[in-house]
Every structure is written in C-alpha cells, then in structure tokens.
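Report on the structure
Here's the letter readout for the chains.
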Amino acid sequence: MQFPESWLRSFCNPTLNTQELAELLTMSGLEVEELRPVAPPFSGIVVAEILTAEQHPNADKLRVCTVNAGGAEPLQIVCGAPNARAGIKVPLATIGAELPPGEDGKPFMIGKGKLRGVESFGMLCSARELKLSEDHGGLLELASDALIGQDIREHLKLDDMLFTLKLTPNLAHCLSVYGIAREVSALTGTPLQAPSFPAVPVKHQDKLPVRVEAADLCGRFSGRIVRGVDTKAKTPDWIVERLARCGQRSVSPLVDISNYVMFELGRPSHIFDLDKIHDELVVRWGRKGEQLKLLNGNTIEVDEQVGVIADSRQVESLAGVMGGDATAVSDDTKNVYVEAAFWWPKAVAGRSRRYNFSTDAGHRFERGVDPAQTVEHIERITQLILEICGGEAGPMDDHVVAMPERKPVALRIERAAKVIGMPVTQADCAGVFKRLGLEFSETAGVITVTPPSWRFDIQIEEDLIEEVIRVLGYPKLPATPPLAPVVGKVRSESRRSVHALRHALAARDYFETINFSFVEERWERELAGNDKPIQLLNPIAAPLAVMRSSLLGSLVNVLRYNLTRKAPRVRVFEIGRVFLRDASVPESDSSIAGVNQPMRVAGLAWGPVDQQQWGAKERQVDFFDVKGDVEALFAPRQLRFVAAEHPALHPGRSARVELDGVEIGVIGELHPKWRQGYELPTAPVVFELTLDAVMARTLPKGQGVPRQQAVLRDIAVIVGEKVTHEALMATIAKAHGGLIRSAKLFDVFKPAQPTAELQSGERSLAVRLELLDEEATLTDERIEEAMAAVLALLAAELGAKLRG
C-alpha cells in the first residue's frame, strides 16, 4: 500500500514529523517498508512562461526562447525541446540552480552558456531532467494558472514523502488512505476529518434491473445510472497527482475516479457503459464453458467456482476482480452504470491467481471490504463524475441480500493483563476501544465489543488484546527477563540429528536441494504411480497443482535443471515431507484429517563416479556405487536389498531396502522410459528412504578382544546361476557350532564355454570364512568338522558342490 504523506495528513494531521509518524505506524503493526521523497533534491527551479520561441539561426533543432520567470527582465533561453512554444508554462532552472544528481551521484549546476553562438541564461526542464518521471518527450508543461516565479517544488508539492506499507492480511481496513488515517487518529488522539457523502441531485428516475441470484457470492449490490457524461473531459491534476503517488497511472476520467475512490476509501467499484449492457445485470456463479474477455485483454473460461456479473446475453465482469472488455467505458460512452458491491471474501479469494494475474480490487475484496457504505461511496463517485464529466444522476438502487453477522467478542481484563505481560485496567481497555471507534458494553472485569462493519479481523478475545497493546504502545511493555530456568534439551543417543545426516550425505559428495512440496501431476503419475494425488485449491502456478507423495520427481527435475546448464556431474539429495492419502489420520493441531505427512530422504547420482582426475579411468556411476552410499549411512547396521519393481525404476536394476525385516525405501536406476521422457542423456541412480529409519542408530557396546587366534579358510562351491549372494550367506550363517565368525564372497567365476566341471547354468562362488572359538584354540579336527558342516548345509539347501 503506497500513498503520499500529504494525502494522509488531509484526513488526520498529528503533531509528529515524518520519521516519528513512520515509527508510530510500524510499532502499531502497520509496517512502513519504504519511506522515500516524491522528488530528489534540487533547487533554483521556478515556474516560467515562454513568451516567444524563434528558430535558432545556426541550428535546425534548437529554438531561442524569451522567458518570463518573474524577474525585472525576460530571460533568453536556448532550448531543443520539440514542444517549446509561446504561451506555455514550464520549469526553468535559473543560473546557479542545482539539478538532481546524475549517474555519478554529483548534482548538476546550471550556469550561463552559449549554444551555437547564442547565449542562454538558464535551462528549460523536462520531467525526466527533474527525475519526476521517465518522460523525456519534451518540456514538462505546467497548468495555465501556475504562478510565474513560484518555486517548482512548492507548485508541484514535491516536498512530500511516499509511504509504502507492508500490511498483513488481517489489516484489510487499512487498505485505503482514510483507513490508515483512522488508525493514526486512534493512535495519537488527533481528530479525524471524516469525509461526508451528501446525496447528489436526482435528475431522472431510470434504473437498471438487477438480480442477485447467489447470496453466498454477493451480500450487497448497489448502483445507479448517470446519463450524459463527457468521457473526453480531462482528469484534474490533483487526482492524477495523487494516483501517481499511489503507483497508479491515469487512464481516463471515469477510470481515474473509480481508482481514486478505491485508494481514498478502500472501496473498489466498477463503471459500466450502460448502452452496452443487454436488458439487465445478474449476479451469479459462473457456468462451465462460459468465456469472458477481461479489461487486460485476456480471455478466460469460468466455471461454477467463479463469481460473475452477466447480462441477458453473456458474462460481463469477473465478480470482485476485474471488469469485462465488452462493457468497458470508452471515448464514445455517454451513459454509465456505477456499481459498488460487497463480495464475500471466500467467494473472491484465489480467483485472480487462478488466471495468473492479480488486481487491487481482488486484493481488497478477498480480505474484506466494508459492506455498510456501498451507497455512500457511490455518492462520492457520482459527485466526482458530475464535477469532472458532467451528466445527470438517477436514483440509487440498493440490493441488500446477506450482510455479515458481527458477533460480540468478550475481553476479560485479567486475561488481557496476563497475555500482554503488564498491568492494564478496564479504563485503559475501554479508552482504546473508544479511540478505535468500536461499540462496547461493560460489566465488572469484562468488556464486550461488537466489531464494526469495516473490521473483519476481530473474531476472538486475542484479537481485542492485540488492539489494546498496539494502541497503548509496544514500547510500554516492561523488559521482564524470563523466570524459568533455561535447560538444554538432551537428544537421545539412539537417534542422530537431521543436521548430522546432512553432513553425512555431504561427505559422500551429495549437494542438498530444497524443492516445493507441490509438483506437476505428471511426476506423481509417472514416477510415484499415484493416479490420485492431493490436489491444490489455489496453486501458485498451473503446473504445480498437486502435493508430492515422493521426492524422486523433484530430484529428477533438479537434474534436468543442472543438465541444461551443462553440469558434467550431479549428485543431490533432499530431506523433505511427502503427502499421502490415509483415512486413519485424525484432525489435530499437527495433522490434517486423511493426510499422512511423513519425512523422507532421497538422493540422485548422475555422471562420473569421481570428480575429474588422473588416477583412475573414468566410469559412470551405477547401482552399486549408490548402494554403497546408502549402506554407509546405516553402518554398522546391515541392510537387505531385495529385487523389486517400482514405477520410476528400471525393472531389472532396482530393489527395495529392508532394515530388520521392515521395508524402509527403494533404490535403483531410473526407468529407460522416463529417461527418454524427461530427455536425460543417461539414466541416473536414485534412492528414497524413510527419514526415521535413517536417523535411528544402534548404540555401541563394549566387547573384549578375542584371546584366541582366528582361522581363515577359503572354499569354492559350484551353484546354479539363480542362487543369490544373500541365500549363500544366510545358509552359511546357519552352520552349527557357532564357529563361523564372518563370511565374505571374494570371487565369482563363470567360464565362457561350459566345461566338465562347470555346466551351463552354473557358476563358481568363492567364499572366505573366518572361524573363531573365544574359549579354546581351534584344532584341525574342529576346523575340518566345521567346514564339512558348512559344505553339507550348502549342498542340502542350495544344491552346492565343492569345486575341485
């Protein structure tokens, strides 16, 4: 919300300077985000009138002007502006004047000069040279009644400041200059100059038929006809100036009037070309398939979730957001219909974002606009139309359908003091409410407030407590140190922190990424196998329309982003939340009914295994490289990788990850179909794990050093090709006697052609066994017995035979 200080002070002028006023607003919850002057510093520039403008004798593009600057004698000025002509009034920088600083930061001084042999005693200025705008098409032409010789800063009121407020959504009543002035009056006690809205004379009895069919869309609809307006009239300079200082350019008289009243009183309105409306106006919800060309040139399609204003033939306006092009006013407009309505905030919220634009009207209506003064604000708009464009006003047509119910809110004085943290009396609270213009009643220790029509943010007791302290002043709060002892929370040693996990992944050469929780529906369908993801009601962008149930899509998108920027190697991870439909999840302070929101960690590796180096031959990362990274995260706990299929992964190069018999995630290479679909040169390897499982860890236990010597024995067995490493190790672990301490596969051999020993479909697996008895030295007999038991068990369960 941007506005000039002078406009604010026309409603409420406290005895505070600009900085004190800005501090007051910020400390009362209306944060002043920026405070800057209307114009940069300059001096010595006055209003002057061009008396004559003759062609320069030595230059085609220069003119020699005689200028009256209010002095004893006219001044001779050489000027190159195309609009320099006799009779206009323009800014004149006299000799010794100081223009705004240039790009070098130094002010530009004006002195006596000579251009092509003709002396010049000053400089006529454009708006750009004064840094008032970017317009450099010619001299800045001033009003014909400008006082000659007057300082240009005084004439244009340039000694003004622009306030830019950063308002939170609950401060809808402050989205106007008058609304902010009302707050300043309450905060300082300075009288408020409330505007009056006298009824304009009614010259005819014409009314436009209006039907409000949707009470849940529009609670009040007011309007009137004004005939015989002159849309070619010039918008007064004071309106153009105030609009410009609010960041709004002048368009046409009728549009400027509507915008002016919106900034002044916070009431968005719309002015229709009456002759373009067919028969009547109907306020209703849209119908699927209906289209509307808006004032911004966009053509949109509405549906049952979007409010519209229609006539007997077509949709004419997007309710509470923007008018339509078909009934827009133009230079040919003679008769208009002025409309002001109360649109329910929930009926407007998110509608403009749905079509990828935003408007000042939608911004205000979705926060709440005073429903009680639609008629008064139309009177103000009508008054300005008659003054500027002329015309004859018809009777007011006011349809009150469903006004908001203002439920009383009780404030307990004792609770207010407890929440605020300092003593407050009932008289203090009553004084605050009186200054804010709130109606209230009192009993012992309790004040019951009925919120006014313009306050949509007062609903519970805490809202009233906030009003009390912000008006009394936050600086009055005592600096009371906390009395509770500060005790650090001790984290369980059986669970490592997320920060430690990030460090562990970074140590494996992964970079952390942070992505949106809302993703493209295509990612969910293809990479997560989720045909019914959770839909967003108001997505920030059309593609990001669903909540993610997997992190893999986000990481694949990060890979694509990096590849378009020629990254030679990508290793990334993300720790984030996913969103799953789960009917068993109840509604609570930390959960949403029907939505499970677990945390997961996922990673992606693509490109060479190592950074560019000379010590080893370059090779691409594969399944086993990433498997090793995952195992390193869990060490010393042992993971089990079981071949499995996943919608995102290669059916022969993927596995589910199990810990203690429980599935905790997946790992594998991206499916060739998706590698091609997402335009990747080669397939990355990805993993996704449950965060709780990764963060859990076993505590170390002390163990004595063995007193006996371990014995190593190697065996090579011939097994079928379908016998897995996991089955081999599990069988060896069953060997009786408890002497097998560890077993490691160190060789796999399969001949190119079948041999007498190794038939087709067979292979040789070599395993190194470590045997140890903690209590006694192993003898050859016991070792041979244990080895025989292992071979017998392998033969019985896997059909293995000892290789000769």
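These numbers come from a predicted model, not from an experiment. (Residues numbered from 1 in each chain as written. Predicted model: local features only at pLDDT ≥ 70, side-chain atom pairs only at ≥ 80, totals over all residues. Heavy atoms only, no water.)

1. Focus on the pairing of strand S26 (residues 446-450)
The following threshold applies: Summary of the burial criterion: residues with accessible area below 20% of their type's maximum are buried, those above 50% are exposed, and those between are partly exposed, where the area comes from a 1.4 Å probe applied to protein chains only. We count a stretch as a helix when DSSP gives it H or I for four or more residues in a row; a strand needs E for two or more, and each element gets its number in order from the N terminus. Whether two strands pair comes down to DSSP finding at least two bridges between them.
Here S26 shows a buried face lined by Ile447 and Val449 and an unburied face lined by Val446, Thr448 and Thr450. Taken together, strand S25 (residues 439-443) and the strand that follows it, S26, pair antiparallel across an intervening segment of two residues, in which Gly445 is found at a positive phi of about 80°.

2. Quick notes on the packing of aromatic side chains
Threshold: The criterion for an aromatic pair is that two Phe, Tyr or Trp rings (for Trp, the six-membered ring) have centres within 6.5 Å, with stacked assigned to planes under 30 degrees apart, edge-to-face to planes over 60 apart and tilted to the rest.
Counted under the stated rule, the structure contains 12 aromatic pairs. Look at Trp7 and Tyr260: their rings are 4.9 Å apart centre to centre, the planes differ by 20°, and that puts the pair in the stacked class. Pair noted here: Trp7 is in helix H1 (residues 5-11) and Tyr260 is in helix H6 (residues 253-265), with a separation of 253 residues, a long-range link. A single burial state applies to Trp7 and to Tyr260, both of which are buried. With a centroid separation of 5.3 Å and 85° between ring planes, the pair formed by Phe623 and Phe624 is classed as edge-to-face.

3. Quick word on the sheet that holds S26
Condition: Note on geometry: axes are C-alpha line fits, over the in-contact stretch for helices, and angles between N-to-C directions span 0 to 180 degrees.
Read from one edge of the open sheet, three strands run S24-S26-S25, paired in antiparallel fashion. Of all the strands in the sheet, just strand S24 (409-412) and S25 have a single pairing partner and so form its edges. When the angles between neighbouring strand axes are averaged without regard to direction, this sheet yields 25°.

4. Quick look at empty space enclosed by the protein
Over the atoms a probe the size of a water molecule is rolled, and this reveals where empty space is left. Our working definition: Cavities and pockets were defined on a 1 Å grid built over protein atoms only: a cavity is a set of grid points that admits a 1.4 Å probe from which the probe cannot escape, a pocket is an open set flanked by protein on both sides within 12 Å along at least five of seven lines, and lining residues are those with an atom within 4 Å of any such point. Grid points are joined across faces, edges and corners, and a volume is the space filled by probe spheres set on the points. Each residue receives one of three labels: charged for Asp, Glu, Lys and Arg, nonpolar for Ala, Val, Leu, Ile, Met, Phe, Trp, Tyr, Cys and Pro, and polar for the others, Gly being one of them.
What the rule picks out here adds up to two cavities of 30 Å³ or more. The volume enclosed by the largest cavity comes to roughly 50 Å³. Lining the largest cavity are Val519, Trp523, Glu524, Leu527, Ala528, Arg548, Ser550, Leu552, Gly553 and Ser554. At the level of secondary structure, the elements contributing two or more residues to the lining of the largest cavity comprise helix H15 (521-527) and helix H16 (552-563). Partitioned by chemical class, the residues of the lining of the largest cavity number five nonpolar, three polar and two charged. Reported here for the second largest cavity is a volume of approximately 30 Å³.

5. A word on the packing of helix H5 (residues 237-245) against H6
Test applied: What sets the label is the angle itself: under 35 degrees gives roughly parallel, over 145 gives roughly antiparallel, 65 to 115 gives roughly perpendicular, and the rest give oblique. Note on convention: the crossing is left-handed when the near helix lies turned anticlockwise from the far helix by less than a right angle, right-handed when the turn is clockwise. Working rule for contacts: check all heavy atoms of both residues, and any pair within 4.5 Å makes them a contact.
Following both chains from N to C, one finds H5 and H6 inclined at 55°, their axes separated by 10 Å at the closest point. Between H5 and H6, the interaxial angle falls into the category oblique. Once H5 is placed against H6, the crossing between them reads as left-handed. In this structure, H5 contributes Trp238, Ile239, Arg242 and Leu243 to the contact, and H6 contributes Asp256, Asn259, Tyr260 and Phe263. Of the residues assigned to the contact of H5 with H6, the class counts are five nonpolar, one polar and two charged.

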